[in-house]
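Breakdown of the fold
In case you want the letters, here they are:
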Amino acid sequence: MMKIDFVTIFPELIRPYTKDSIMKRAVDCGAVIFGFRNIREYTEDKYHRVDDTPYGGGAGMVMQVAPIHHAVESITIENSEKKMRIILLSAKGNRFTQRDAERLKDYEHLIFICGRYEGVDERVATYIADEEISIGDYVLTGGELGAMVIADSVVRLLPDVLGNELSAVNESHNRDGYREHPQYTKPEEYNGWKVPEILLSGHHENINVWRSEQSKIINNDE
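Residues numbered from 1 in each chain as written. Predicted model: local features only at pLDDT ≥ 70, side-chain atom pairs only at ≥ 80, totals over all residues. Heavy atoms only, no water.

Here we take up the side chain of Thr 18. With respect to the helices and strands, the residue Thr 18 is situated in the loop between α1 (11-14) and α2 (21-28). The buried category is assigned to Thr 18, whose relative accessible area is 9%. Reaching out from Thr 18, the side chain makes a polar contact with the backbone oxygen of Arg 15 at a distance of 2.7 Å. Apart from the residues lying within four places of it in its own chain, the contact partners of Thr 18 are Met 23, Lys 24, Val 27, Phe 34 and Phe 36. (Helix = DSSP H or I, 4+ residues; strand = E, 2+ residues; numbered from the N terminus. Buried < 20%, exposed > 50% of the residue type's maximum accessible area, 1.4 Å probe, protein only. Polar contact = N/O pair within 3.5 Å; in protein donor to acceptor, adjacent residues only side chain to side chain. Contact = heavy atoms within 4.5 Å.)

Turning our attention to the sheet that holds strand β6 (residues 109-114). Reading across from one edge, β2-β1-β6-β5-β8 is the order of the five strands in this open sheet, with parallel pairing throughout. Every other strand in the sheet has two partners, leaving β2 (32-38) and β8 (131-134) as the edge strands with one partner each. Along the sheet, successive strands turn relative to each other by an average axial angle of 30 degrees, direction set aside. Where strand β5 (residues 84-95) and β6 come together, six bridges link them in parallel fashion. Counted as the bridge partner of Met 84 is His 109 from β6. Against the sheet, helix α3 (residues 65-78) engages β1 (2-8), β2, β5 and β6, with an angle of about 170 degrees to β6. (Pairing = 2+ DSSP bridges. Axes fitted to C-alpha atoms, helices over the stretch in contact; angles between N-to-C directions.)

That's the geometry; what it means functionally is another story.
In structure tokens, the structure reads:
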């Protein structure tokens, strides 16, 4: 079983996502267990502040290293025997790909540190996290959405999570940027829009050829 912990000041942003659809199925089948640590619970002042002004001046507030360190340490102490990876969601991190999802699924325990405000004290990246990951070249309010994206892409690769084991094998981006062929389902015709006849033929070899050709077109591999 994989353990995934989210270290955040807004655990209730993430928690509902783990209770439905594929994430719920993953929990129910024993493939994963989710944990949540509220960084505010690891502060040392009565106001539970997690941020402060940046040294050297500048706009915005920076998340402090101490409460994040205490939150992560509370998790690692409890799970020291597991093969673990600590990930900081960061705009300057390496861009996440399907290859990263394949790599991360082999860990027993993933910890996602979700930043907020203007950023996170660099000592978190230097001394606490094993790596920094970004899900794209754009700015989000916090790391929670990125953490959910990565967790989703990893969890669906775990054994017994998807109903059909071939689903993960043939998905888009699973092979060096490969994008999947078009898919259709019933009815055969809707609003004058028809399903390609080859898919109705029952000739699996010809269907596989057609799908391969469509993938090449989509991927500009012709």
